[in-house]
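A closer look at the structure
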Amino acid sequence: MSIKISEIFGPTIQGEGTLIGQPTVFVRTGGCDYRCTWCDTLHAVDSGYRDTWKSMSPNQIMDKIRELSDGKPILVSLSGGNPAIQPLGELIDLGRKESYSFAMETQGSIAKEWFSKLDHLILSPKPPSSAMKTDWDALEGCIKAAGDKNKITLKIVIKDEEDYTYARQAGEKYPDLPLYLQPCNMSPAGMDQNGVDMDDIHRRTDWLIEKITNDGWFNVKVLPQLHVMLWGNKRGV
Ligand code: SF4
């Protein structure tokens, strides 16, 4: 069994959502069924980068994770691209035997039975500004596949009013799931901190906070990407 890998790096910290600040090793798979306008991980999406992706077995990936964490169990963050494209069930089985835990972020377009093995599933449906269309039935399939709702979080990137309306509808649709709103990072992929427009991120965060407070939307969380604030869009952090 082989898995397309764009990069494996860490330990670093989780930069967003419910696991923010938690030490983790990232396993970024290659390939995505989406092409979001503001994607900041094109190196794991665009077929032009395919030559840089490695085919690795679950054992080889686990060896690398073990090497990076010095053999100490750590949270493994499965990311992409869309990691749901890849056969990751065996890797999760291997890691869990050694007390590693697993979180995965996906847009929710493809459900796999191995989602039930995850400790955390972050579903990140893409709003209108991404130019992608959400398949809510597929997202529902991902929720079902995960089994336990307590391990699911929703995260939605917000660029504009239309995205905000989309997020409100998603919040109403899934009142039982924790929802994080993340201001869109419009700086091009590959920029270091000096190249990232921090003023723009602050403006977008302020705007979002004002929106939710004015609307009395109190069961949602607004969180900018900590890793972008610390390191910009640099790869491998
Ligand atoms: S789903 Fe994620 S990885 Fe895929 S194109 Fe959109 S932002 Fe990029």
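Preceding block: the structure.
These numbers were taken from a predicted model, which means no experiment stands behind them.

Details of the overall build of the chain
Of regular secondary structure, the chain possesses six helices and nine strands. Against the globule reference of 18 Å for 237 residues, the chain gives a C-alpha radius of gyration of 17 Å, in line with a compact fold. In terms of overall dimensions, the chain has C-alpha extents of about 50 × 40 × 30 Å along its principal axes. Looking at the chain as a whole, 38% of its 237 residues are labelled buried.

Considering the environment of Glu-172
When you line up the elements, Glu-172 lands in helix 4 (residues 161-173). Overall, Glu-172 belongs to the exposed group, with 8 C-beta atoms counted inside 10 Å. For the pair formed by Glu-172 and Cys-39, sequence separation is 133 residues and the distance between their alpha carbons is 26 Å.

Considering the site of the ligand
Taken together, Cys-32, Tyr-34, Arg-35, Cys-36, Cys-39, Thr-41, Val-45, Gly-80, Gly-81, Asn-82, Gln-107 and Lys-126 make up the full set of residues adjacent to the ligand. For the shell around the ligand, a count of residues per class yields five nonpolar, five polar and two charged.

As for the sheet that holds strand 3 (residues 54-56)
Spatially, 3-1-2-4-5-6-7-8-9 is the arrangement adopted by the nine strands of the open sheet, whose pairing is mixed. The sheet is open, and its two borders are formed by strand 3 and strand 9 (221-222), each paired with just one other strand. For strand 4 (residues 75-79) and strand 5 (residues 101-106), the ladder comprises four bridges, and the chain directions are parallel. Note on strand 5: the bridge partner recorded for Leu-78 is Met-104. Across the sheet, helix 3 (residues 136-146) lies against strand 5, strand 6 (120-123) and strand 7 (152-158), angled at about 170° from strand 6, the strand it touches most. Packed onto the sheet, helix 4 meets strand 7 and strand 8 (179-183) and runs at close to 165° relative to strand 7.

A few points about the pairing of strand 8
Counting buried residues along strand 8, four of its five residues qualify, which places the element largely inside the surrounding structure. Summarising the sheet, strand 7 and strand 8 pair through five bridges and their orientation is parallel. Following the sheet pairing, Ile-156 is matched in strand 8 by Leu-181. In this region the chain leaves strand 7, passes through helix 4 and returns to the parallel neighbour strand 8; the handedness of that crossover is right-handed. One ladder, built from two bridges, connects strand 8 with strand 9; its direction is parallel. Residue pairing in the sheet places Leu-181 in a bridge with Val-222 of strand 9.

Side note on the packing of helix 1 (residues 58-68) against helix 2 (residues 89-97)
Interhelical geometry of helix 1 versus helix 2 gives an angle of 45° and a closest axis separation of 9 Å. As judged from the angle between their axes, helix 1 and helix 2 are oblique. As for the relative orientation of helix 1 and helix 2, their crossing is right-handed in sense. Contacts from Pro-58, Asn-59, Ile-61, Met-62 and Ile-65 in helix 1 reach Glu-90, Leu-91, Leu-94 and Gly-95 in helix 2. Split into classes, the residues belonging to the contact of helix 1 with helix 2 amount to six nonpolar, two polar and one charged.

Thoughts on the pairing of strand 1 (residues 3-13)
In terms of strand pairing, strand 1 meets strand 3 through three bridges, oriented antiparallel. Residue pairing for strand 3: Ile-5 is matched across the bridge by Lys-54. In terms of strand pairing, strand 1 meets strand 2 (residues 23-29) through six bridges, oriented antiparallel. By the bridge assignment, Glu-7 is partnered in strand 2 with Arg-28.

Cut-offs applied
- Residues numbered from 1 in each chain as written.
- Predicted model: local features only at pLDDT ≥ 70, side-chain atom pairs only at ≥ 80, totals over all residues.
- Helix = DSSP H or I, 4+ residues; strand = E, 2+ residues; numbered from the N terminus.
- Rg over C-alpha atoms; globule rule 2.2 N^0.38 Å.
- Buried ≥ 20, exposed ≤ 12 C-beta atoms within 10 Å, placed from the backbone.
- Near = placed C-beta within 6 Å.
- Nonpolar A, V, L, I, M, F, W, Y, C, P; charged D, E, K, R; others polar.
- Pairing = 2+ DSSP bridges.
- Contact = placed C-beta atoms within 7 Å.
- Axes fitted to C-alpha atoms, helices over the stretch in contact; angles between N-to-C directions.
- Right-handed = clockwise from strand over helix to strand, strands pointing away.
- Parallel < 35°, antiparallel > 145°, perpendicular 65-115°, else oblique.
- Left-handed = near helix turned anticlockwise from the far one by under 90°.

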